[in-house]
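# Descriptive structure summary
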Amino acid sequence: MAKIIVVTSGKGGVGKTTTSAAFAAALAMRGFKTVVMDFDVGLRNLDLIMGCERRVVYDLLNVIHGEGSLNQALIKDKRLDNLYILPASQTRDKDALTIDGVERILGELSERFDYIVCDSPAGIEKGAIAAMYFADEALIVTNPEVSSVRDSDRIIGMLSSKTRRAELDLEPVREHLIITRYDPRRVDNGDMLNADDVREILAIPFLGVVPESKSVLVASNSGVPVTLDDQNEAGDAYLDIADRFLGVERPHRFMQQAKKGIFSRIFGGSS
Amino acid sequence: MMSILTGASSDNSAFELKGRSQKIMYLCIQQPDMPILIKQMREQLGNSPVFFNNTPVVVDLSAIYDSATPIDFGQLTNALIELGMVTIGVRGGNDVQQRSAQQASLHIFPLSGDETITPQAVPPLPSSPCAKIITETVRSGQRLAVKGDLIVLSSVNAGAEIVATGNIHIYGKLRGRALAGGADNQSARVFCLKFNPELIAIAGEYLVNDELPADAINKTCIIALQNDLLTVDPIGTFTS
């Protein structure tokens, strides 16, 4: 039986899809058979981030409505043997997602994979509920700013009331906090919330920060999950996060400003 | 003074019965020997005649219930008048003592329940529901309404709302809205370890964050309603 992980945030643009792709790739790199599923029906993005947009034939909704098989819809990643992508439909809307249909597909995927990573759409409506409903674990993606934190707070509340585990009174969904686009320099300047403040407000276990990095945009545009990109701080952060998720201790990085050496101080090197 | 009964509803009624509480002292007699009793009373109470000014007194005979010594109530009454006390009756005591009191025109008052010689079993207190206790963080978008008191053992986040008809205790940070006392319970209070709410209300009187005293923000506070105004009292700081 696979573990079902939802990547969610409430607010849009905080890095859910980047996190889904990077985290799923990291799990696959650690040897787990992983599928990453796009629930953002109508605003499909995951295939772009994963670099498989030109290979999409059937999608999630085709499978739900019996227009194609799961095997036809699953796209195998070219770089990692253990990684598969299940794209969303771009031409439908979220009302076409049915809880029964999602359950059937998750049931089938469950028999073949170790982890199912569900990339939730933004918002708290039907698409987000469908993505979280069957989750065993949740990655809450938050930016260090107040509106993102409040929306994440709302989503955490929904995880404890609107999921299958909540409705059947089972063990609750295990929540994990990831703070993305973290810039220690702007935190020190007071522009951004401190990671400790965010942790205090949301009060759920903390997996780590992902530093703000220009290379994330480059990786996204070229369809490479950041964990597969060498020389990428964000990728290293996601690998740490995946390891912590798997129970391996990793010291927290990227939370303090890098100390400037004497040369960069004199010559004004950018940090 | 409260009017409880009148002879007629019109203004020209012949009488009016009013309920009013008046302090009555009990003179608890510990031994029945009248000369010793009167002597001691004069020594100890005679120095302050102003203190007793026709103070009504009931003689309590409970402690000498078993005594067979006859008591001269006329002599006792006179001695008490000298000391500024008016004897209106007796209570406790045995049948012989009560009869001789009645002969001295004193009334017999019953012993009140909690002072009976043979105490009756205390009736068990009626069980009342405990205050509702919440252990989880109350999150944005969640709304919690309870009858009676509400105790939150964690934080109430921005965008959350908690409502109680009684008091609200928050052992964490209040960032959302807290409304205590329902619509009309003006004696309700809010107790909060770290206070920075969006809105705080008691019995419908409310303050938004902008209106809160700046020195109370993020302090440990008690919020109460006094003369229709919300008062916020910082009682210290909360260090996490």
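Residues numbered from 1 in each chain as written. Chains lettered and ligands numbered in written order. Predicted model: local features only at pLDDT ≥ 70, side-chain atom pairs only at ≥ 80, totals over all residues. Heavy atoms only, no water.

### What about the overall build of chain B?
A tally of helices and strands in chain B yields 3 helices and 17 strands. Burial statistics for chain B: of 240 residues in total, 38% are counted as buried. For chain B, the share of sequence-separated contacts (at least 6 apart) that also reach a separation of at least 24 residues comes to 33%. Carbon and sulfur atoms form 53% of the exposed surface of chain B, whose accessible area is close to 14,600 Å². (Helix = DSSP H or I, 4+ residues; strand = E, 2+ residues; numbered from the N terminus. Buried < 20%, exposed > 50% of the residue type's maximum accessible area, 1.4 Å probe, protein only. Contact = heavy atoms within 4.5 Å. Areas by Shrake-Rupley, 256 points an atom, 1.4 Å probe, with all protein chains shown as cover.)

### Describing the packing of aromatic side chains
All names here are of chain A. Under the criterion given, the structure shown has 5 aromatic pairs over all chains. Between the aromatic rings of Tyr84 and Phe113, the centroid separation amounts to 5.4 Å while the plane-to-plane angle is 75°, which identifies the pairing as edge-to-face. Of this pair, Tyr84 sits in strand 4 (residues 83-86) while Phe113 sits in the loop between helix 5 (99-110) and strand 5 (115-119); the two residues are 29 residues apart in sequence, bridging distant segments of the chain. Taken individually, Tyr84 and Phe113 each receive the classification buried, so the pair is uniform in this respect. (Phe/Tyr/Trp six-rings, centres within 6.5 Å; stacked < 30°, edge-to-face > 60°.)

### A look at the interface of chain B and chain A
Of the residues lining the interface, 10 residues belong to chain B; the matching set on chain A comes to 11 residues. Across the interface of chain B and chain A, roughly 850 Å² is buried in total on both sides, 38% from carbon and sulfur atoms. On the chain B side of the interface with chain A, the three residues burying the most area are Arg139, Ser140 and Arg175 of chain B, jointly 55% of the side's total. Taken together, the connections running from chain B to chain A amount to 3 salt bridges. The salt bridge partner of Arg175 of chain B is Glu200 of chain A, with a shortest N-O separation of 2.8 Å. Where chain B meets chain A, there are 7 residue pairs in polar contact (both at pLDDT 80 or more). Of the residues in the side of chain B that touches chain A, the class split is 1 nonpolar, 5 polar and 4 charged. (Buried area = accessible area lost by both parts, 1.4 Å probe. Salt bridge = Lys/Arg side-chain N within 4 Å of Asp/Glu carboxyl O. Polar contact = N/O pair within 3.5 Å; in protein donor to acceptor, adjacent residues only side chain to side chain. Nonpolar A, V, L, I, M, F, W, Y, C, P; charged D, E, K, R; others polar.)

### Describing the packing of helix 7 (residues 146-159) of chain A against helix 10 (residues 195-202) of chain A
All names here are of chain A. Contact pair helix 7 / helix 10: the axes reach a minimum separation of 10 Å and the direction vectors enclose 30°. On the basis of their axis angle, the class for helix 7 and helix 10 is roughly parallel. Remark: the crossing between helix 7 and helix 10 carries right-handed chirality. Judged by residue contacts, Val149, Ser152, Asp153 and Ile156 of helix 7 engage Val198, Ile201 and Leu202 from helix 10. Considering only residue class, the contact of helix 7 with helix 10 consists of 5 nonpolar, 1 polar and 1 charged. (Axes fitted to C-alpha atoms, helices over the stretch in contact; angles between N-to-C directions. Parallel < 35°, antiparallel > 145°, perpendicular 65-115°, else oblique. Left-handed = near helix turned anticlockwise from the far one by under 90°.)

### Observations concerning the nonpolar core
Counting 92 residues, the largest nonpolar core has Phe23, Met37, Leu86, Leu97, Ile105, Leu109 and Ile116 of chain A as its most contacted members. Considering each element in turn, this core owes the most residues, 8 residues, to helix 1 (residues 16-29) of chain A. Judged by nonpolar contacts, the second largest core, of 30 residues, contains Leu150, Ile162, Cys192 and Phe195 of chain B. (Core = buried A, V, L, I, M, F, W, Y, C linked by side-chain atoms within 4.5 Å.)

### A short note on the sheet that holds strand 4 (residues 55-60) of chain B
Residues and elements named next belong to chain B. One open sheet holds the 4 strands; their spatial order is 3-4-5-6, and the pairing between them is parallel. Each edge of the open sheet carries a strand with a single partner, namely strand 3 (25-28) and strand 6 (107-109). Within the sheet, the average angular offset between the axes of one strand and its neighbour, ignoring direction, is 45°. Relative to strand 6, strand 5 (residues 85-91) runs parallel, the two being bridged by 3 bridges. Each bridged residue has a counterpart across the sheet, and for Val90 the counterpart in strand 6 is Ile108. (Pairing = 2+ DSSP bridges.)

### A word on the side chain of Arg44 of chain A
Residues and elements named next belong to chain A. Position of Arg44 among the secondary structure elements: in the loop between strand 2 (34-38) and helix 2 (46-50). A polar contact of 3.0 Å, which involves the side chain of Arg44, links it to the side chain of Asp47. Contacts of Arg44, omitting those with residues within four sequence positions, involve Asp38, Val56, Pro87, Ala88 and Gln90.

### A closer look at a nonpolar patch on the surface
Residues Ile133, Leu153 and Tyr171 of chain B make up a contiguous nonpolar surface patch of about 300 Å² in total accessible area. Inspection of the secondary structure assignment puts Leu153 of chain B in the loop between strand 9 (150-152) and strand 10 (161-164). (Patch = residues over 30% accessible without salt bridge, like charges linked within 9 Å, V, L, I, M, F, W, Y side chains within 5 Å.)

### Observations concerning the pattern of salt bridges
All names here are of chain A. Within this structure, the stated rule accounts for 22 salt bridges over all chains. Across the pair Asp243 and Arg30 runs a salt bridge whose closest N-O atoms are separated by 2.6 Å. Note that Asp243 is positioned in helix 12 (residues 233-245) and Arg30 in the loop between helix 1 and strand 2, a separation of 213 residues in sequence. For the salt bridge of Lys94 with Asp40, the shortest nitrogen-to-oxygen distance reads 3.1 Å.

### Focus on the confidence of the model for chain B
Residue and element names in this part refer to chain B. Considering every residue of chain B, the mean pLDDT works out to 84; 87% of them sit at 70 or more. Ranking the helices and strands of chain B by mean pLDDT puts strand 9 first, with 97, and strand 1 (residues 2-6) last, with 48. Across the interface, the model reports ipTM at 0.76; the global pTM reads 0.69. (pLDDT = per-residue confidence, 0-100.)

### Here we look at the sheet that holds strand 1 (residues 3-8) of chain A
Residue and element names in this part refer to chain A. Ordered in space as 3-4-2-5-1-6-7-8, the 8 strands form an open sheet in which the pairing is mixed. Either end of the sheet is taken by a strand with one partner, and the two such strands are strand 3 (75-76) and strand 8 (206-211). Two elements, strand 1 and strand 6 (residues 137-142), share 4 bridges in a ladder whose sense is parallel. Bridged to Ile5 within strand 6 is Glu137. The sheet strands contacting helix 10 are strand 6, strand 7 (174-182) and strand 8, and the helix crosses strand 7 at an angle near 150°.

### Considering the pairing of strand 15 (residues 205-208) of chain B
Note: strand 14 (residues 199-202) of chain B against strand 15 of chain B, 4 bridges, orientation antiparallel. Residue pairing across strands places Ile202 of chain B opposite Glu205 of chain B, the latter belonging to strand 15 of chain B.

### Structural notes on the packing of helix 1 (residues 34-45) of chain B against helix 2 (residues 73-82) of chain B
Residues and elements named next belong to chain B. Packing of helix 1 against helix 2 brings their axes to within 10 Å, and their N-to-C directions diverge by 5°. With respect to helix 2, the axis of helix 1 lies roughly parallel. Contacts between helix 1 and helix 2 involve Met34, Leu37, Ile38, Met41 and Arg42 from the former and Gln75, Leu76, Ala79, Leu80 and Glu82 from the latter. Taken together, the residues of the contact of helix 1 with helix 2 break down into 7 nonpolar, 1 polar and 2 charged.

### Considering helix 12 of chain A
Residue and element names in this part refer to chain A. Between its first and last C-alpha, helix 12 extends 18 Å over 13 residues, near the 18 Å set by a 1.5 Å rise per residue. Burial analysis of helix 12 places 11 of its 13 residues in the buried class, the great majority of the element. By the burial criterion, the buried members of helix 12 are Ala234, Gly235, Ala237, Tyr238, Leu239, Asp240, Ile241, Ala242, Asp243, Arg244 and Phe245. Where helix 12 begins, the side chain of Asn232 points an oxygen toward the backbone nitrogen of Ala234, at a separation of 2.8 Å. Gly247 occupies a position one or two residues after helix 12 and carries a positive phi of about 95°. (Expected span 1.5 Å × (residues − 1).)

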